[in-house]
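Given next are the chains, with one letter for each unit.
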Amino acid sequence: MTQLPAAQKQSPLKPSDSGRALYGGKGTRRITVRDITAAKERGEKWPMLTAYDAATASVFDEAGVPVLLVGDSAGNCHLGYDTTVPVTLDEMTMLSAAVVRGTSRALIVGDLPFGSYQEGPVQALRSATRLVKEAGVGAVKLEGGERSHRQIELLVESGIPVMAHIGLTPQSVNAMGYRVQGRGEEAAQQLLRDAKAVQDAGAFAVVLELVPAELAAEVTRTLQIPTVGIGAGAGTDAQVLVWTDMLGLTSGRVPKFVKRYADLRTVMGDAVRAFAEDVVGGTFPQEEHSVH
Ligand code: KIV
């Protein structure tokens, strides 16, 4: 019998008659957007994490995380840029391919970076096709509600599942900054219009970033597609975090909505210092680390 990773064995969730649970369900085939849709119908909550390379993606996959986003947050979290804006489609293709290679079960969603879809639907299709054909992702993500609905429509018509992203959209940082979105009646109505627009265009899910919890819950009740919250309270169908934030690898301040589940920066720093001291002090390598 195939051994399930510990996280899956311990899960209280059982697959229901209408399909397997996204987290903790049995089965080793890759999760598809149809599984995501079925989870909303069952009222099931699910986790999503970012991933940028094969090694860490394989850890998240073995832990049973059903959806991994190769986010363009790779810009600040993995590639050393200040924002997501400079990230290129070549970089996203390379990172997405690595994450696909490192996993066997999770649905991999590849982010379309700034400048790869804003010109219009045809440019969006060309860019998304690269992520699907060259990297092997099962879906793509792009930012924008009403303003991106034509791009979403063409991708979905062409057979490419789309996760939309509304609220704070970091690719627009130069225009909107990093501020809570949807505060006040007018902004809330715009967010609801954006949410309906991406659903009507055929998106299978929508990320809600940094919006008031009550508004995110209202969007979640209104939509048939799942909402994935980040800084959007507890009322969404799924939750996503940037992995370097939630595992404590990010240096400096992290947003208030992040819960830190580990302190990898300290763990790694201590281990590296121990190695360096062993080398300098002549206690590494020892006989058992040597070949003859
Ligand atoms: O790029 C990213 O990691 C994202 C998430 C924050 C949703 O868009």
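Every chain is numbered on its own, with residues counted from 1 as its sequence reads. With pLDDT at 70 or above as the cut-off, local features in this predicted model cover only qualifying residues; side-chain atom pairs require 80 or more to be listed or tallied, and sums for whole chains, interfaces and linings still use all residues. Computation of side-chain values: all heavy atoms of the structure, hydrogens and water removed.

An unreviewed UniProt entry annotates the chain as 3-methyl-2-oxobutanoate hydroxymethyltransferase originating from Streptomyces minutiscleroticus. UniProt positions are given in the numbering used here, feature names are shortened, and annotations may be inferred rather than shown by experiment. Looking at the Sequence similarities (unreviewed entry) heading of the UniProt record, one finds this comment for the chain: "Belongs to the PanB family."

Q: Explain the site of the ligand here, please?
A: Close to the ligand lie Thr50, Leu69, Gly71, Asp72, Ser73, Asp111, Lys141, His165, Val207, Glu209 and Ile230, which account for all nearby residues. The term polar contact refers here to a pair of N or O atoms within 3.5 Å; inside protein, the definition further demands a hydrogen-donor-capable atom paired with an acceptor-capable atom, and it admits residues adjacent in sequence only when both atoms are side-chain atoms. In the model, an oxygen atom of the ligand is placed 3.1 Å from a nitrogen or oxygen of the Asp72 side chain. The side chain of Lys141 places a nitrogen or oxygen atom 3.0 Å from an oxygen atom of the ligand. Think of it as three bins: nonpolar holds Ala, Val, Leu, Ile, Met, Phe, Trp, Tyr, Cys and Pro, charged holds Asp, Glu, Lys and Arg, and polar takes everything else, Gly as well. In the shell around the ligand, the residues fall into 3 nonpolar, 4 polar and 4 charged. Residues are labelled near a given molecule or strand when at least one of their non-hydrogen atoms is within 4 Å of it.

Q: Would you mind showing me how to read helix α7 (residues 149–157) here?
A: Looking only at α7, the buried set comprises Gln151, Ile152 and Leu155. With its buried residues spanning 100 degrees around the axis, α7 presents them on a single face. Where α7 is buried, its residues meet α6 (121–135), β4 (139–143), β5 (162–167) and α9 (185–201). Summary of the burial criterion: residues with accessible area below 20% of their type's maximum are buried, those above 50% are exposed, and those between are partly exposed, where the area comes from a 1.4 Å probe applied to protein chains only. Only DSSP runs of H or I reaching four residues or more are called helices, and only runs of E reaching two or more are called strands; each is numbered from the N terminus. The arc in question is formed by the directions pointing from the helix axis toward the C-beta atoms. Contact criterion: two residues are considered in contact whenever any of their non-hydrogen atoms come within 4.5 Å of each other.

Q: How should the packing of aromatic side chains be read in this particular structure?
A: Here the distance between the centres and the angle between the planes together describe a pair of aromatic rings. The rule is short: rings of Phe, Tyr and Trp, with Trp giving its six-membered ring, pair when the centres are within 6.5 Å, and they are stacked under 30 degrees, edge-to-face over 60, tilted in between. In total, this model carries 2 aromatic pairs according to the counting rule given. Geometrically, the ring pair formed by Phe275 and Phe284 is edge-to-face, given 6.0 Å between the ring centres and 65 degrees between the ring planes. The class of Phe275 is partly exposed, set by a relative accessible area of 49%. With a relative accessible area of 34%, Phe284 lands in the partly exposed category.

Q: Which parts of the structure should I look at to understand the UniProt feature "active site" (unreviewed entry) in the chain?
A: Under the present numbering, the feature "active site" (unreviewed entry) in UniProt falls on Glu209. Tracing the sequence through the fold places Glu209 in strand β6 (residues 205–209). Excluding anything up to four places from it in sequence, Glu209 contacts His165, Ile166, Gly167, Leu168, Pro170 and Ile230. A distance of 2.9 Å separates a polar atom in the side chain of Glu209 from a polar atom in the side chain of His165.

Q: What is the right way to look at the nonpolar core in this model?
A: Among soluble globular proteins, nonpolar side chains are generally buried collectively. One finds Leu68, Leu112, Val140 and Leu155 to be the most contacted residues of the largest nonpolar core, which totals 55 residues. Leu112 has contacts with Asp72, Leu89, Tyr117, Ala124, Ser127, Ala128, Leu131, Val140, Lys141, Leu142, Leu155 and Gln171, leaving out every residue within four places of it along the chain. To define a nonpolar core, start from buried Ala, Val, Leu, Ile, Met, Phe, Trp, Tyr and Cys residues and group those joined through side-chain atoms within 4.5 Å. Trp46, Met48, Val109 and Met163 belong to the second-largest nonpolar core, a separate cluster that totals 20 residues.

Q: In this structure, what is going on with the sheet that holds strand β1 (residues 46–50)? I would like to understand it.
A: Strand pairing in a sheet takes place through backbone hydrogen bonds and is either antiparallel or parallel in direction. When DSSP finds two or more bridges between two strands, those strands count as paired. One closed barrel accounts for 8 strands, arranged β1-β2-β3-β4-β5-β6-β7-β8; its pairing is parallel. Neighbour-to-neighbour, the strand axes of the sheet open up by a mean angle of 25 degrees, direction not taken into account. Relative to strand β8 (residues 238–241), β1 is paired through 4 bridges, and the arrangement is parallel. The residue bridging Trp46 from the neighbouring strand is Ala238, located in β8. The axes used here are C-alpha line fits, helices contributing only the stretch in contact, and every angle between their N-to-C directions lies in the interval 0 to 180 degrees.

Q: Looking at this model, I keep getting lost on the UniProt feature "binding site: 3-methyl-2-oxobutanoate" (unreviewed entry) in the chain. Mind explaining?
A: The UniProt record marks Asp72, Ser73, Asp111 and Lys141 with the feature "binding site: 3-methyl-2-oxobutanoate" (unreviewed entry), using the residue numbering of this structure. The largest pairwise C-alpha distance within this set of annotated residues, which runs over 70 residues, is 12.3 Å, so the set is compact in three dimensions. Looking at the element boundaries, Ser73 is found in the loop between β2 (67–70) and α4 (74–77). Discounting chain neighbours no more than four positions away, the residues touching Ser73 are Thr50, Tyr52, His78, Thr84 and Val242. Here the side chain of Ser73 touches Tyr52 through a polar contact of 2.6 Å, side chain to side chain. Structurally, Lys141 is set in strand β4. In contact with Lys141, other than residues within four places in its own chain, are Leu69, Val109, Gly110, Asp111, Leu112, Met163, Ala164, His165 and Val207.

Q: Got a minute to help me understand the environment of Gly136 in this structure?
A: Positionally, Gly136 belongs in the loop between α6 and β4. Residue Gly136 is classed as partly exposed on the basis of its relative accessible area, which comes to 39%. A C-alpha to C-alpha distance of 9.1 Å links Gly136 and Thr93, two positions 43 residues apart in sequence. Excluding its chain neighbours within four sequence positions, the residues that come into contact with Gly136 are Val100 and Leu131.

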